[in-house]
Amino acid sequence: MSGARAKVAFIGTGGTMSSLGAGPLDLNDYGATGQRLHADEILARFPETALVADVIPVRYRNVASPAVGFADWKALVLTVDRLAGAHPDLAGIVIGHGTATLEETAYALNLTVKAAVPVVLTGAQRPPSALSSDTGLNLLNAIRVAASPEARGMGVLVVLNDEIQAAREVAKTSTLRLQTFRSPDFGVLGHADGDGVAFYRRPLRRGAPDTEFDIRALDALPRVDIAYAHADADGVAVRAFVAAGARGIVSAGFAPGFPAPEQTEALAEAARQGVVVVQSTRVGSGRVVRTTRLAEQGFLVADNLTPQKARILLALALAAGAGRDEIARIFSEY
Ligand code: ASP
């Protein structure tokens, strides 16, 4: 980038990229030390980040990402609003996040951030204290992407392992490998390399900041559960979800999109009672087509969203008061 250096905010929410292990060979058990760094402390450990932008550290709570959910999504949307308002010259915002639920937070923000500033999530597979940690370069690359004028209008982005991916499509696919984040069927949007950022394509589905969902007005999301299909699965979990007050259930079915027989009965019963059932699959790739059988059972389809992302979209749609036809439209647009 030429001329004035871009201003980028970095919000730290915790995760591996904030954790300190017992030593350089502590690659897996670092959670046991309980030591976590805040955003400013992570930046201080990687002073190279100051070479690519003026980075404003923003402290947030430091947690492992399995503990992240609706309350954090709302707080992050409000923080993005506040930063964009306070710094009219802000080029972009990076959010550091644990990798476990990173794809869910990225998609939730893609559905709810209304500020025009690019938002980029990053994380790490190895803590900053480990040999060959990916923390520093992932953070630096995310800052570069957030600072890039080309990142505008791309929706929320995810940057790890030199790759730029779309929030809607990306998934964590491996427990420990550095190349864990993948966008099945579609691939990366671009790369972050030593000489800068290169984009090759843009997402077409609706996303931030062009979204109809306003999380800022919500106190909670309606209960939406996920029913996982497997051989011999029965209707017990589905009936328990309904008894617990589920307003929606995402069926993580067999490919190309159906539950086990006893689950099907329980889900059809739930649909007759007004619970919105959305059929997805457990395979992590490919569309679910609206077959006659699914339509007769009263199920909607998740398109190609994974169950965990379909759950977020369904919850936001229900929170907005959408009925079945509206929900079907929403699944075809976002
Ligand atoms: N191992 C996870 C991570 O990569 C922990 C978490 O998700 O917070 O950050």
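Throughout, a residue's number is its position along its own chain's written sequence, starting from 1. Local features in a predicted model are, by the rule used here, given only for residues with pLDDT of at least 70; side-chain atom pairs are given and counted only at 80 or more, and totals for whole chains, interfaces and linings are based on all residues. For the side-chain quantities, the full set of heavy atoms in the structure was used; hydrogens and water were omitted.

Participant: Honestly, the overall build of the protein in this entry has me stumped. Any pointers?
Facilitator: Helix and strand definitions follow DSSP, with helices as H or I runs of at least four residues and strands as E runs of at least two, each counted in order from the N terminus. Looking only at helices and strands, one finds 9 helices and 16 strands in the protein. Seen through its C-alpha atoms, the protein measures out along the principal axes to roughly 60 × 40 × 35 Å. Buried positions account for 54% of the 334 residues belonging to the protein. In the protein, of all internal contacts separated by at least 6 residues, the share reaching a separation of at least 24 is 72%. For the exposure calls, accessible area comes from a 1.4 Å probe over protein chains only, and a residue counts as buried if that area is under 20% of its type's maximum, exposed if over 50%, partly exposed in between. What makes two residues a contact is simply this: any of their non-hydrogen atoms within 4.5 Å.

Participant: Explanation requested: the environment of Asp-29 in the structure shown.
Facilitator: Secondary-structure assignment places Asp-29 in the loop between strand 2 (19-20) and strand 3 (35-36). Each C-alpha atom, one on Asp-29 and one on Asp-225, is 30 Å from the other, the two residues being 196 residues apart in sequence.

Participant: Sorry if this is basic, but what is going on with the layout of surface pockets here?
Facilitator: Put simply, the grid is 1 Å and covers the protein atoms alone, a cavity is a trapped set of points that fit a 1.4 Å probe, a pocket is an open set with protein on both sides within 12 Å along at least five of seven lines, and lining residues have an atom within 4 Å of a point. Grid points are joined across faces, edges and corners, and a volume is the space filled by probe spheres set on the points. Estimated volume of the second largest pocket: approximately 240 Å³. The wall of the second largest pocket is formed by 19 residues, among which Thr-16, Tyr-30, Thr-99, Ala-100 and Lys-172 lie closest to the centre.

Participant: Can you help me understand the packing of aromatic side chains in this one?
Facilitator: Each aromatic ring pair is characterised by the separation of its centres together with the angle its planes make. Pairing of aromatic rings covers Phe, Tyr and Trp, the last through its six-membered ring, and needs centres within 6.5 Å; plane angles under 30 degrees mean stacked, over 60 mean edge-to-face, and all others mean tilted. Per the counting criterion, the structure on display carries 2 aromatic pairs. Note on Phe-254 and Phe-258: the rings are 6.3 Å apart at their centroids and 55° apart in plane angle, and the pair reads as tilted. Charge-over-ring placement is defined geometrically: NZ (Lys) or CZ (Arg) within 6 Å of the ring centre, and within 35 degrees of the ring normal. The ring of Phe-258 has Arg-293 sitting right over it, with the charged end atom 5.2 Å from the ring centre.

Participant: Explanation requested: the sheet that holds strand 11 (residues 190-193) in the structure shown.
Facilitator: Sheet strands pair via backbone hydrogen bonds, and the direction of the pair is either parallel or antiparallel. When DSSP finds at least two bridges between two strands, those strands are taken to pair. Spatially, 4-1-5-6-7-8-11-12 is the arrangement adopted by the 8 strands of the open sheet, whose pairing is mixed. Each edge of the open sheet is held by one strand with a lone partner, namely strand 4 (54-63) and strand 12 (196-199). In this sheet, neighbouring strand axes are inclined to one another by 25° on average, regardless of whether the strands run parallel or antiparallel. Bridge analysis of strand 11 against strand 12 gives 4 bridges, and the strand direction is antiparallel. Within strand 12, the position partnered with Asp-193 by the bridge is Gly-196. To obtain an axis, a line is fitted to C-alpha atoms, over the contacting stretch when the element is a helix, and the angle between two such axes runs from 0 to 180 degrees between their N-to-C directions. The sheet strands contacting helix 2 (residues 70-86) are strand 1 (7-14), strand 4, strand 5 (90-96) and strand 6 (119-122), and the helix crosses strand 4 at an angle near 160°. Contacts from helix 3 (residues 102-112) reach strand 5, strand 6 and strand 7 (157-160), with the element oriented near 175° to strand 6.

Participant: Help me out: how do you make sense of the sheet that holds strand 14 (residues 248-253) in this one?
Facilitator: With parallel pairing, 4 strands are arranged side by side in an open sheet as 13-14-15-16. Two strands lie at the open edges of the sheet, namely strand 13 (224-228) and strand 16 (300-301), each paired on one side alone. Bridge count for strand 15 (residues 276-281) against strand 16 is 2 bridges, and the pairing is parallel. Its bridge partner being in strand 16, Val-278 is matched across the sheet by Leu-300. Sheet strands touched by helix 5 (residues 236-243): strand 13 and strand 14. Its angle to strand 13, the strand with the most contacts, is close to 175°.

Participant: What's the story with the site of the ligand in this structure? I'm lost.
Facilitator: In the neighbourhood of the ligand, the contacting residues comprise Gly-15, Thr-16, Tyr-30, Ala-64, Ser-65, Pro-66, Gly-98, Thr-99, Ala-100 and Ala-124. Here a polar contact is recorded for every N or O atom pair within 3.5 Å, except that within protein the pair must consist of a potential hydrogen donor and a potential acceptor, and residues adjacent in sequence are included only if both atoms are side-chain atoms. Contact between the ligand and Ser-65: an oxygen atom at 2.5 Å from a side-chain N or O atom of the residue. Within the backbone of Ala-124, a nitrogen or oxygen atom sits 3.3 Å from an oxygen atom of the ligand. Here the accessible surface of atoms and residues is derived via Shrake-Rupley with a 1.4 Å probe, and residues count as covered only by protein chains that are part of the display. Here the ligand has 260 Å² of accessible area as a free molecule, and 82% of this is covered by the chains. To qualify as sitting in a cavity or pocket, a molecule needs more than half of its atoms within 2 Å of the grid points. At a threshold of 2 Å from the grid points, most atoms of the ligand map onto the second largest pocket. Any residue that is not Ala, Val, Leu, Ile, Met, Phe, Trp, Tyr, Cys, Pro, Asp, Glu, Lys or Arg is counted as polar, Gly included; the first ten are nonpolar and the last four charged. Here the shell around the ligand is built from residues that sort into 5 nonpolar, 5 polar and no charged. Any residue with a non-hydrogen atom lying within 4 Å of a molecule or strand is treated as near it.

Participant: What should I look at first to understand a negative patch on the surface in this one?
Facilitator: Patches draw on residues past 30% relative accessible area with no salt bridge. Two like charges within 9 Å are joined, as are two nonpolar side chains (Val, Leu, Ile, Met, Phe, Trp, Tyr) within 5 Å. Any Lys or Arg side-chain nitrogen located within 4 Å of an Asp or Glu carboxyl oxygen qualifies as a salt bridge. Note on charges: Lys and Arg go in the positive column, Asp and Glu in the negative column, and His and the chain ends are not counted at all. In plain terms, the charge of a residue is placed at NZ if it is Lys, CZ if Arg, CG if Asp and CD if Glu. Side chains of Asp-232, Asp-234, Glu-262 and Glu-265 sit close together on the surface and give a patch of like negative charge. When you line up the elements, Asp-232 lands in the loop between strand 13 and helix 5. Since its relative accessible area comes to 76%, Asp-232 is described here as exposed.

Participant: Help me understand the pattern of salt bridges, please; the structure alone is not making it clear to me.
Facilitator: When charged atoms on two side chains of opposite charge get close, those side chains can pair. A full pass over the atoms with the stated rule returns 18 salt bridges. One salt bridge connects Arg-5 with Asp-54, and the closest N-O pair in it is separated by 2.9 Å. Here the residue Arg-5 occupies a position in the segment before strand 1, and Asp-54 occupies one in strand 4, the gap between them amounting to 49 residues. On the accessibility criterion, Asp-54 (40% relative accessible area) is partly exposed. Taking the shortest distance from any N to any O, the salt bridge between Lys-7 and Asp-89 comes out at 3.3 Å.

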